[in-house]
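One-letter residues, chain by chain:
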Number of protein chains: 2
Amino acid sequence: MPAAPVPTRAEIFVADTDTVERPQEDAALVPTVRDEEGNLSPEFVETVDAAIEADDTDRLKALTEDLHEADLADLIEALHPTDQSKLVRLLGRDFDFVALTELDDAMRVRILDELPPEAVAEGMRELNSDDAAHILEDLDEPDKDAILERMSFVERLQLQRVLDYPEESAGRRMQTDFIAVPPFWTVGQTIDYLREAEELPEEFYQIFVVDPGFRLQGTLPLDALLRSKRPQKISEIMRGSPYLVAATDDQEEVAHLFERYNLVSAAVTDDSERLVGVIHVDDIVDVIQEEVEEDIKRMAGIGDEEVSDSILATVRSRFTWLLVNLATAVLASLVIGLFDATIQQMVALAVLMPIVASMGGNAGTQTMTVAVRALATRDIDIFNARRIISRETIVGFLNGMLFAVVIGVIASVWFGSIGLGGVIAAAMVVNMVAAGLFGILIPLTLNKIGVDPAIASGVFVTTVTDVVGFFAFLSFAAWWFGLA
Amino acid sequence: MPAAPVPTRAEIFVADTDTVERPQEDAALVPTVRDEEGNLSPEFVETVDAAIEADDTDRLKALTEDLHEADLADLIEALHPTDQSKLVRLLGRDFDFVALTELDDAMRVRILDELPPEAVAEGMRELNSDDAAHILEDLDEPDKDAILERMSFVERLQLQRVLDYPEESAGRRMQTDFIAVPPFWTVGQTIDYLREAEELPEEFYQIFVVDPGFRLQGTLPLDALLRSKRPQKISEIMRGSPYLVAATDDQEEVAHLFERYNLVSAAVTDDSERLVGVIHVDDIVDVIQEEVEEDIKRMAGIGDEEVSDSILATVRSRFTWLLVNLATAVLASLVIGLFDATIQQMVALAVLMPIVASMGGNAGTQTMTVAVRALATRDIDIFNARRIISRETIVGFLNGMLFAVVIGVIASVWFGSIGLGGVIAAAMVVNMVAAGLFGILIPLTLNKIGVDPAIASGVFVTTVTDVVGFFAFLSFAAWWFGLA
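This structure is a prediction, so every number in the text was calculated from the model and none was measured.

Take the overall build of chain A next. Counting its regular elements, chain A contains 23 helices and six strands. When burial is assessed residue by residue, chain A has 60% of its 484 residues classed as buried. Partitioning the contacts of chain A with sequence separation of at least 6, the portion at a separation of at least 24 is 68%. Summed over its atoms, the accessible surface of chain A is roughly 18900 Å², and 58% of this surface lies on carbon and sulfur atoms. Averaging the coordinates of the 36 positive side-chain charges in chain A and doing the same for the 82 negative ones gives two points 6 Å apart.

Right, let's get into the pattern of salt bridges. Residue and element names in this part refer to chain A. Enumeration according to the criterion identifies 51 salt bridges over all chains in this entry. Residue Arg125 is joined to Glu155 by a salt bridge in which the shortest nitrogen-to-oxygen separation is 3.0 Å. Here the residue Arg125 occupies a position in the loop between helix H8 (117–123) and helix H9 (129–137), and Glu155 occupies one in helix H11 (residues 153–164), the gap between them amounting to 30 residues. Using a relative accessible area of 18% as the deciding quantity, one classes Glu155 as buried. Between Asp270 and Arg274 there is a salt bridge whose closest N-O contact spans 3.0 Å. When its relative accessible area of 35% is taken as the criterion, Arg274 is described as partly exposed.

The next thing to look at is the relation of the copies chain B and chain A. The two chain copies are related to each other by a rotation about an axis together with a translation along it. Placing chain B over chain A gives an RMSD of 0.1 Å and needs a rotation angle of 180°, together with 0.0 Å of translation along the axis. The symmetry that links the two subunits is that of a two-fold axis. Most of the interface of chain B is mirrored in chain A: 100% of its interface residues are interface residues there too.

For an interface, size is often stated in terms of accessible area lost upon the parts coming together. Each partner contributes to the interface: chain B provides 140 residues, whereas chain A provides 142 residues. In terms of surface lost to chain A, no three residues of chain B exceed Leu226, Arg227 and Val307 of chain B, which account for 7% of the buried area on that side. Scanning the region where chain B abuts chain A turns up six salt bridges. In this structure, Lys229 of chain B engages Glu196 of chain A in a salt bridge whose closest nitrogen and oxygen atoms are separated by 3.8 Å. At the boundary of chain B with chain A, the tally comes to 25 residue pairs in polar contact (both at pLDDT 80 or more).

Bringing helix H20 (residues 348–376) of chain B into the picture now. All names here are of chain B. Between its terminal C-alpha atoms H20 stretches 43 Å, which fits the 42 Å expected from 29 residues at 1.5 Å a residue. Where burial is concerned, most of H20 is hidden: 27 out of the 29 residues are buried. Positive backbone phi, approximately 60°, marks Arg378, located one or two places after H20.

All names here are of chain A. A cluster of nonpolar side chains, namely Phe153, Val154 and Leu157, defines an oily patch on the protein surface of about 330 Å² accessible area. Within the fold, Val154 resides in helix H11. The class for Val154 is exposed, based on a relative accessible area of 55%.

Once that is clear, we can look at the side chain of Glu392 of chain B. Along the chain, Glu392 of chain B falls in helix H21 (residues 385–415). You can call Glu392 of chain B buried: its relative accessible area is 1%. Within the structure, the side chain of Glu392 of chain B is placed 2.7 Å from the side chain of Arg318 of chain A, a separation counted as a polar contact. With residues near it in sequence (within four places) discarded, Glu392 of chain B still touches Arg318 of chain A together with Thr367, Gly436 and Ile440 of chain B.

With that out of the way, let us pick up the packing of helix H3 (residues 42–53) of chain B against helix H4 (residues 57–64) of chain B. Residues and elements named next belong to chain B. Direction vectors running N to C along H3 and H4 enclose 150°, while the axes themselves pass 8 Å from each other. The orientation of H3 with respect to H4, classified from their angle, is roughly antiparallel. As H3 runs across H4, the sense of the crossing is left-handed. Where H3 approaches H4, its residues Phe44, Thr47, Val48, Ala51 and Ile52 are matched on the opposing element by Arg59, Leu60 and Leu63. Looking at the contact of H3 with H4 residue by residue, the classes come out as six nonpolar, one polar and one charged.

Glancing now at the nonpolar core. Met353, Ile355 and Phe473 of chain A together with Met353, Ile355 and Phe473 of chain B are the most contacted members of the largest nonpolar core, which totals 82 residues. Among all residues touching Phe473 of chain A, those that are not within four sequence positions of it are Leu349, Leu352, Met353, Val356, Leu420, Val423, Ile424 and Ala427 of chain A. Among the nonpolar cores identified, the runner-up in size contains 67 residues, and Tyr243, Val281, Ile284 and Met368 of chain B belong to it.

Turning next to the environment of Trp414 of chain B. Turning to its location among the elements, Trp414 of chain B is positioned in helix H21. Put simply, Trp414 of chain B and Pro116 of chain B are 298 residues apart on the chain and 71 Å apart in space, counted from C-alpha to C-alpha. Once residues within four sequence positions are removed from consideration, Trp414 of chain B is found in contact with Val330, Ser333 and Leu334 of chain A together with Val351 and Leu352 of chain B.

Residue and element names in this part refer to chain A. Extensive coverage of strand S2 (residues 206–210) is indicated by the burial of five of its five residues. Every second residue of S2 is oriented toward a common face, with Gln206, Phe208 and Val210 on one face and Ile207 and Val209 on the other, all of them buried. With two bridges joining them, strand S1 (residues 180–181) and S2 adopt parallel strand pairing. The residue bridging Ala180 from the neighbouring strand is Phe208, located in S2. Each parallel crossover has a hand, and for S1 linked through helix H13 (residues 187–196) to S2 it is right-handed. One ladder, built from five bridges, connects S2 with strand S3 (residues 216–221); its direction is antiparallel. Counterpart to Val210 in the pairing with S3 is Leu216. Hairpin geometry of S2 and S3 is characterised by an intervening segment of five residues between the two adjacent antiparallel strands and by a positive phi of about 65° at Phe214.

What follows is about the sheet that holds S3 of chain A. Pairing is mixed across the open sheet formed by three strands, whose spatial order is S1-S2-S3 (chain A). The two strands at the open ends of the sheet, each matched to only one other strand, are S1 and S3 of chain A.

To continue, consider the packing of H20 of chain B against helix H23 (residues 453–480) of chain B. All names here are of chain B. The interhelical angle for the contact between H20 and H23, taken along N-to-C directions, is 150°, at an axis separation of 8 Å. Relative to H23, the element H20 is oriented roughly antiparallel. Where H20 crosses over H23, the handedness of that crossing is right-handed. A class-by-class count of the residues in the contact of H20 with H23 yields 16 nonpolar, nine polar and one charged.

All names here are of chain A. Across its 12 residues, H11 extends 16 Å between first and last C-alpha, which sits within 8% of the 16 Å expected from 1.5 Å per residue. Along H11, the residues that are buried comprise Glu155, Leu159, Val162 and Leu163. Considered in projection along H11, the buried side chains sweep an arc of 100° and stay on one side of the axis. Within H11, the exposed residues directed more than 90 degrees away from the buried face are Phe153, Val154 and Asp164. Taken together, the buried residues of H11 touch H9, helix H10 (141–149) and helix H12 (170–173).

A few words on the domain arrangement of chain A. Looking at the assigned domains, one finds that chain A contains domain 1 (23–168), domain 2 (180–299) and domain 3 (311–481). When each unit is reduced to the centre of its C-alpha atoms, the spacing between domain 1 of chain A and domain 3 of chain A is 48 Å.

What follows covers the UniProt feature "transmembrane region" (unreviewed entry) in chain A. Here the UniProt feature "transmembrane region" (unreviewed entry) sits at residues 319–339, 394–415, 421–442 and 454–481 of chain A. In residues 319–339 of chain A, the share of helix is 90% and the share of strand is 0%. The end C-alpha atoms are 31 Å apart.

The next point concerns the packing of aromatic side chains. Under the counting rule described, the total for this entry stands at 17 aromatic pairs over all chains. On the numbers, 6.1 Å between centres and 75° between planes, the contact of Tyr205 of chain A with Tyr205 of chain B is edge-to-face. Placement of Tyr205 of chain A in the loop between H13 and S2 and of Tyr205 of chain B in the loop between helix H13 (187–196) and strand S2 (206–210) is noted, with the two residues assigned to different chains. The buried category is assigned to Tyr205 of chain A, whose relative accessible area is 13%. Plain terms: the ring middles of Trp185 of chain B and Tyr193 of chain B are 5.6 Å apart, the flat faces sit at 70° to each other, and that makes the pair edge-to-face. The class for Tyr193 of chain B is partly exposed, based on a relative accessible area of 32%. Of the aromatic side chains, those joined through ring pairs into one cluster are Phe178, Phe208 and Phe214 of chain A.

Okay, the pairing of strand S5 (residues 265–269) of chain B next. Residue and element names in this part refer to chain B. Taken across its five residues, S5 has five buried, putting it largely inside the fold. Going residue by residue along S5, you find Ser265, Ala267 and Thr269 tucked away on one face and Ala266 and Val268 tucked away on the opposite face as well. Where strand S4 (residues 245–246) meets S5, two bridges bridge the pair, whose relative direction is parallel. Note on S5: the bridge partner recorded for Val245 is Val268. The turn joining S5 and strand S6 (residues 275–280), which pair antiparallel and follow one another in sequence, is formed by five residues; a positive phi near 60° is taken by Glu273.

Cut-offs used in this document
- Residues numbered from 1 in each chain as written.
- Chains lettered and ligands numbered in written order.
- Predicted model: local features only at pLDDT ≥ 70, side-chain atom pairs only at ≥ 80, totals over all residues.
- Heavy atoms only, no water.
- Helix = DSSP H or I, 4+ residues; strand = E, 2+ residues; numbered from the N terminus.
- Buried < 20%, exposed > 50% of the residue type's maximum accessible area, 1.4 Å probe, protein only.
- Contact = heavy atoms within 4.5 Å.
- Areas by Shrake-Rupley, 256 points an atom, 1.4 Å probe, with all protein chains shown as cover.
- Lys, Arg positive; Asp, Glu negative; His and termini not counted.
- Charge placed at Lys NZ, Arg CZ, Asp CG, Glu CD.
- Salt bridge = Lys/Arg side-chain N within 4 Å of Asp/Glu carboxyl O.
- Least-squares fit on C-alpha atoms with pLDDT ≥ 70 in both.
- Buried area = accessible area lost by both parts, 1.4 Å probe.
- Polar contact = N/O pair within 3.5 Å; in protein donor to acceptor, adjacent residues only side chain to side chain.
- Expected span 1.5 Å × (residues − 1).
- Patch = residues over 30% accessible without salt bridge, like charges linked within 9 Å, V, L, I, M, F, W, Y side chains within 5 Å.
- Axes fitted to C-alpha atoms, helices over the stretch in contact; angles between N-to-C directions.
- Parallel < 35°, antiparallel > 145°, perpendicular 65-115°, else oblique.
- Left-handed = near helix turned anticlockwise from the far one by under 90°.
- Nonpolar A, V, L, I, M, F, W, Y, C, P; charged D, E, K, R; others polar.
- Core = buried A, V, L, I, M, F, W, Y, C linked by side-chain atoms within 4.5 Å.
- Pairing = 2+ DSSP bridges.
- Right-handed = clockwise from strand over helix to strand, strands pointing away.
- Arc of directions from axis to C-beta.
- Domains from an automatic or database assignment.
- UniProt positions renumbered as here; feature names shortened; annotations may be inferred.
- Phe/Tyr/Trp six-rings, centres within 6.5 Å; stacked < 30°, edge-to-face > 60°.

Set out below in structure tokens:
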């Protein structure tokens, strides 16, 4: 009877039990945890709540022992803040710290602050280096050191090495345990090694072939190993690994690599090209999510805000963007101020002017969003940039013409003045063209000078469309009706 | 000497050559294709361009034979539209149709239209069912049928079955070739089977255990197979598979499953719970990208627009949203119209009024974006909704107070009227609270009634903030200064 196989993370909650008869039961447990929509079921949360209130440790352990780390994390998020760290304390050694890596940063830090450093150090013992680093990185130095001090020398050293890599680098995302064999081994030797080995990584999709200096010689996907005969030399069936990741590479670059070439895992090497770790696709899936979320939030001016942030943190994170917006709004008002005499003589202008600005703002945002996304997904480059710029301008002009007619008619009828209709129509065309042109040029320029277009484009674009919109409309009117 | 191992997709361009000595060369080929930033190098594109102009088929084949499908796709995107289908024609049988699946829909359809159906049918022969379906699904019926007619009966049948599943369903994303063994086999039998088998899937990370009726009995990760002794029975080491995907499941649901449990591949079953296919994480990575892109674009009102869309397609896709925005802008103007007499008596109001509306619009968009994303990532649920609603309202109030002071001072000084400063300050608070409250309530409500909050929230929120902003400011002013 061989040792029970180490589970892949995909199936860890089944294998937590280290037996093969359990799965069916465990599978049966899932529906009670989540409803059809895949949301956590209120019944389950209430049961856990009750167990926590009653300090019923045994019940709590029974309820959570078979939970996947992700379900445990969702459970914690569903609990009342005060119960969250209590749950961790009650479960003690039975709490799976991996769950903490699935929480919002703010929530994770709050929970960790309420736990004794010993407990944290103890709980991090079984974690992969990347998960451990993820848990420590957001803590302030004193807390971090307090925990590190309580870890064994070796663990601390390993962790330190990962933490030494810059945040958002491949080194932070990689796992430091992997399987490496010498090229002169045979398929048989390798398979036997895997059968006998005590400690194997939780998950692995390829085996790395290294020289005595741990420099990567090649890679060996598991299926290739399974398809080859035992006497076969590893060196004869290993593949070159064209997709080398440096530990210092930015995680977004690595994500692009995984997406483009559909990788499942990739070797990570240090400056001296020694193999130091492996990055798995499931970590990359998280990176992809993070990076896009970051872009969306930056476009809306909410920084890296999270649902669990405190009120004050939220106020602060939004204040800056609103302040910038106030400045641009005041600028637009100054433009209007230039024409106060004109408006005095024809109040209809005050009534109509927001329309031109608002349409320009929306058209500009449309173009800008296309541009920002295309830059992020590398869909826009020197090969098609010129084509896209002219396309956006033409689109702006065409939509401008269409809406010029619509609003022209509306205004003429509303105020019984064809002249007014013509004025707003002309202003509409001008502002829509400006929206298309600047909507694409601003992000491209920001990107060129190394500013994240997602974070800054919006302000500039709407400022342009406001100013151009108000100025065009009011000046055309002043000129056409010969007003002051 | 065993057959060269079938490559994983991650390394397909290395393995294209079916030898093990080539990798180094091929790896060396990559840098000439892409620069350090990972962008396609202009030199490479020009070389290809030249070869196409010169109808130099041999040169073209030499340049592209070792390209990964993703690189080939990027190359196509970098070419002049007329050269794109010419490249495919020139390469003939040597063109890897998988590359087409990596292109924008519009571009793919255009290229396919210019190719003879025979060529397409021929080129799709080697494709996985999901890729083949992906290529056909956007074509109009006649073209689709013309191609299907030219495929072998079996191929057509297989493909039809995939195409019968709804778009964006797991059935469309799954691959129909997978490895399934009976539970009574031993590890040895299975490994021998893998060694002898002629046709194995391009990539596989687990083996499925099925009964004679092809109902799924369990799954077997490759590493588990490698860790077990040859005499071991499969039934003794197989895992339960708690993450069953139904072929009719929505791809977004499947993506959530993969993300939450860090899956690498999952079995897909039909209504009678028979195993019909397998979904791999690399396909899910694409789904995640698509779904988020969709949300971003919907928030900006640009539908499922792509960079390669034609001018007219773009104008059309943006017109609707702009029309909706025009309606809301006119609505806001009507509100202003109610106060034309007031504005006549105090033009300063016309100058200041856009500020209140603009600030509300931005604050509302901030809140709305948080809500829409939280709904998409399942970070907001019945457990924290109430907390978030009150938080957003309070945040709106606090930022409202802060900016009330700022703008109040500015307005008082600018127009030398403390009264006017007080009026705009009061309006600011009211509108910012409204922005927070409706910014969260509107997406939550839309989500509840089954409307995608990403697509519709924006309009409603900005309409509210415009109307409330103008009305509050102008009515407060009329009342305070006792104007008509």
